[in-house]
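These are the residues of each chain, in order.
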Amino acid sequence: MISARRLGKRFGRKRALDRVSFDLAKDGFLLVTGANGSGKTTLLRLCAGLAAATSGELEVRARREEIGYVGHEPLVYRELTALENLTLFARLYRVPAGEARVGMLLERFGLWEERGSRAGDFSRGMLQRLALCRALLHDPELLLLDEPYNALDARGAEVLDRELKDLAGARTFVVATHDPDRVSALATARLAFA
Amino acid sequence: MSGYLRDVALLTRKDVLLELRARDAVPALLLFVVSALVVFHFALPADAAELAAKGMLWVAILFTALLGLGRAFQAERQQSMLDGLLLAPCDRSAIWLAKTLATIVFLGVAELVALPAFALFFSALDWETVAGIALANLGICAVGTLVAAMALASRARELLLPLLFLPLAIPIVVGGVGASVADDGGRYLGFLALYDAVFAIISWASFEYVVTE
C-alpha cells in the first residue's frame with residue numbers, strides 16, 4: 001500500500017525527515033514512534049498528500065477518497081455544529097447513505113447528544129472524537145492517525161481501541177503515537193525515529 | 001448538477017454560513033467602505049470634479065476588497081481547515097471557485113451600501129460605472145483569492161497579500177476608472193471582461209499548485 005525510499009523533507013534549512021525507507025503491505029499496521037520533532041507528523045502529511053517530499057520516492061497506492069487522516073488539528077469548522085461538519089464532509093466524500101453513517105458515528109463516539117452544538121464549544125477531547133468521526137466517515141482504505149489518543153478521556157480511548165481492533169487487518173493503518181503500548185498488539189510493522 | 005458544481009455550491013454555502021455565524025468579513029467591509037467614503041467626502045474640496053470623486057470610489061472599492069481578501073481564508077488559517085479541504089476528494093479548483101464566489105457575495109453586499117452612499121455624498125452613478133464595478137469584482141476576487149491562498153502559508157501574510165495583489169489589480173483600476181469616466185466606457189468594460197476571463201482561468205488552473213506544501 002505504501003512504499004517509501006530514502007524519503008526526505010526539508011523546510012528551508014531544517015531537515016524534518018531524512019532518508020526514511022519502509023514498505024507497508026495492504027491491511028498492514030505501521031506503528032510510528034519517536035520524540036517530538038522527529039518527523040512523525042511530516043511522514044503522515046507526506047503520505048496524506050498534504051506535503052510533497054523534497055527527496056526520495058514515496059508511493060501511496062490509495063486515492064484521496066480512500067484516505068482518512070487525523071492530525072494535530074481536528075480539521076473541523078468551529079462555527080459549524082458537529083452534525084453540519086460531518087454532513088459537509090459526507091457530501092464532499094460522496095458517502096452513500098451519508099446521514100445514516102454520520103448518525104452512527106456520532107452515536108458510536110458519544111457525540112449524538114451534542115450533534116447540534118458548535119464544534120467551537122467542544123472540549124479538546126470532544127473535538128478529537130469529532131476528528132475521528134470525520135476520518136472514519138467515508139470508510140477509508142488507508143487510515144493515517146497522528147496521536148489519535150491525544151486528549152481522549154478513558155471512554156473515548158476505549159471506543160477508539162475497539163474501532164482500531166475491529167478495523168485492523170481489514171484496513172491499512174499508519175499510527176504515530178507516544179503511547180505505543182496501546183496499539184502495539186495490532187502492529188505488523190514499526191518505524192522508530194531517533 | 002455535476003459533481004464539480006455540487007462541490008462548488010456546497011463549499012460556497014459553507015462559506016456563507018460561516019460568515020452568517022462568525023460575521024468576520026461583511027461588517028468590517030461595510031464599516032471600512034462607508035468610513036472611506038465619508039473621509040473622502042470631507043477631504044475633497046466642495047468644487048472637486050466628478051472625475052476625482054469617481055477615482056476615490058475606485059480606491060475605496062479596491063481597499064475594501066483587499067480587506068475582504070485578507071479575511072477570505074480566516075477560518076481555514078485559524079483552524080488549519082485548508083488541510084481538511086485538501087484531503088477531500090473534490091477537485092481543488094472547486095475550493096478556489098467557491099471561495100471566489102463567496103468573496104464576490106461579501107464584496108457585493110458591501111457595495112450595495114457603498115454605491116448609494118457614494119451617490120449621496122458625491123454624484124449619481126451611471127450604468128457604465130456599475131457594470132465596471134460588477135466586472136471588477138470578478139477580477140478582484142478571482143485573482144485575490146489565489147493570492148490570499150499563496151499568502152496563507154507565510155508568516156508575513158498581511159504584508160504579502162497587498163504586495164502581490166495590488167500590482168495585479170492595477171489593470172482593474174485602469175479599466176474601472178476608464179469605464180466610469182471615459183466617453184467610450186464600453187471599450188474599458190471589454191478590457192475588464194478580458195482581464196476577468198484570462199486571470200480567472202490562470203487562477204483556476206494554478207490553485208492546486210499554490211496550496212501544495
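Analysis parameters
Residues numbered from 1 in each chain as written. Chains lettered and ligands numbered in written order. Predicted model: local features only at pLDDT ≥ 70, side-chain atom pairs only at ≥ 80, totals over all residues. Heavy atoms only, no water. Helix = DSSP H or I, 4+ residues; strand = E, 2+ residues; numbered from the N terminus. Rg over C-alpha atoms; globule rule 2.2 N^0.38 Å. Buried < 20%, exposed > 50% of the residue type's maximum accessible area, 1.4 Å probe, protein only. Contact = heavy atoms within 4.5 Å. Areas by Shrake-Rupley, 256 points an atom, 1.4 Å probe, with all protein chains shown as cover. Lys, Arg positive; Asp, Glu negative; His and termini not counted. Charge placed at Lys NZ, Arg CZ, Asp CG, Glu CD. 1 Å grid on protein atoms, 1.4 Å probe; cavity = no way out; pocket = protein on both sides within 12 Å on 5 of 7 lines; lining within 4 Å. Points joined across faces, edges and corners; volume = space filled by probe spheres on them. Nonpolar A, V, L, I, M, F, W, Y, C, P; charged D, E, K, R; others polar. Pairing = 2+ DSSP bridges. Axes fitted to C-alpha atoms, helices over the stretch in contact; angles between N-to-C directions. Patch = residues over 30% accessible without salt bridge, like charges linked within 9 Å, V, L, I, M, F, W, Y side chains within 5 Å. Salt bridge = Lys/Arg side-chain N within 4 Å of Asp/Glu carboxyl O. pLDDT = per-residue confidence, 0-100. Parallel < 35°, antiparallel > 145°, perpendicular 65-115°, else oblique. Left-handed = near helix turned anticlockwise from the far one by under 90°. Right-handed = clockwise from strand over helix to strand, strands pointing away.

Undergrad: Would you mind showing me how to read the overall build of chain A here?
TA: Looking only at helices and strands, chain A features five helices and eight strands. Going from N to C terminus, chain A has its helices and strands arranged as β-β-β-α-β-β-α-α-α-β-α-β-β. Rg of the C-alpha trace for chain A: 16 Å, near the compact-globule value of 16 Å for 194 residues, within the 12% margin. Along the three orthogonal principal directions, the C-alpha set of chain A runs to about 45 × 35 × 30 Å. Here chain A holds 194 residues, and the buried ones make up 54% of them. The long-range fraction of contacts in chain A, counting pairs at least 24 apart against all pairs at least 6 apart in sequence, stands at 71%. Counting only carbon and sulfur atoms, one obtains 46% of the accessible surface of chain A, whose full area is about 8,600 Å². Computed over 30 positive and 26 negative side-chain charges, the separation of the two mean positions in chain A equals 6 Å.

Undergrad: Explanation requested: empty space enclosed by the protein in the structure shown.
TA: Any empty space left between the atoms is revealed when a probe the size of a water molecule rolls over them. All names here are of chain B. Applying the stated criterion across every chain yields a total of three cavities of 30 Å³ or more. Volume-wise, the largest cavity comes out at about 220 Å³. Among the secondary structure elements, those contributing two or more residues to the lining of the largest cavity are α1 (3–22), α4 (74–78) and α6 (92–121). Its residues assigned to classes, the lining of the largest cavity shows eight nonpolar, five polar and seven charged.

Undergrad: Can you walk me through the layout of surface pockets in this structure?
TA: Residue and element names in this part refer to chain B. If you add up the space inside the second largest pocket, you get close to 270 Å³. Contributing to the lining of the second largest pocket are 16 residues, with Gly70, Arg71, Arg157, Glu158 and Leu161 lying nearest its centre. Among the elements of the structure, α3 (50–70), α4, α7 (127–152) and α8 (157–181) are those that each provide at least two residues to the lining of the second largest pocket. Tallied by class, the residues present in the lining of the second largest pocket amount to 10 nonpolar, two polar and four charged.

Undergrad: Just checking my understanding: could you explain the sheet that holds strand β4 (residues 55–60) of chain A for this structure?
TA: Two pairing modes exist for strands in a sheet, parallel and antiparallel, and in both the strands are linked by backbone hydrogen bonds. Residues and elements named next belong to chain A. Pairing within the open sheet is antiparallel, and its three strands lie in the order β2-β1-β4. Either end of the sheet is taken by a strand with one partner, and the two such strands are β2 (14–24) and β4. Neighbour-to-neighbour, the strand axes of the sheet open up by a mean angle of 25°, direction not taken into account. With seven bridges joining them, strand β1 (residues 2–11) and β2 adopt antiparallel strand pairing. Looking at β2, one finds that Lys9 is bridged to Leu17. Where helix α1 (residues 40–48) meets the sheet, it contacts β1, β2 and β4, and its direction lies at approximately 120° from that of β1.

Undergrad: So what exactly am I meant to see when it comes to a nonpolar patch on the surface here?
TA: A cluster of nonpolar side chains, contributed by B:Phe32, B:Val59 and B:Phe63, occupies part of the molecular surface with about 230 Å² of accessible area. Within the secondary structure, B:Phe63 is located in helix α3.

Undergrad: Any chance you could explain the confidence of the model for chain B here in plain terms?
TA: Detailed reading of the predicted coordinates is not advisable wherever pLDDT is low. Residues and elements named next belong to chain B. The predicted model of chain B averages 92 in pLDDT, with 99% of residues at 70 or higher. Within chain B, no element has a lower average pLDDT than α4, which sits at 85, and none a higher one than α6, at 95. In the predicted assembly, ipTM is 0.88 and pTM is 0.90.

Undergrad: Explain the packing of helix α2 (residues 82–92) of chain A against helix α4 (residues 124–136) of chain A to me, please; I cannot follow it from the model alone.
TA: For any two helices packed against each other, one specifies the inter-axial angle together with the distance between the axes. All names here are of chain A. Direction vectors running N to C along α2 and α4 enclose 20°, while the axes themselves pass 10 Å from each other. In this view, α2 runs roughly parallel relative to α4, as classed from their interaxial angle. In this structure, α2 crosses over α4, and the sense of that crossing is right-handed. Mapping the contact onto sequence places Ala82, Leu86 and Phe89 in α2 and Leu130, Cys133 and Arg134 in α4.

Undergrad: Sorry if this is basic, but what is going on with the pairing of strand β7 (residues 172–176) of chain A here?
TA: Across a regular strand the side chains alternate sides, sitting on one face of the sheet and then on the other. Residues and elements named next belong to chain A. Counting buried positions along β7 yields five of five residues, so the element is predominantly enclosed. Of the two faces of β7, the one carrying Thr172, Val174 and Ala176 and the one carrying Phe173 and Val175 are both buried. One ladder, built from five bridges, connects strand β6 (residues 142–146) with β7; its direction is parallel. Bridge assignment links Leu145 to a residue of β7, and that residue is Val175. Between β6 and its parallel partner β7, the chain crosses via helix α5 (residues 154–167), and the hand of that crossover is right-handed.

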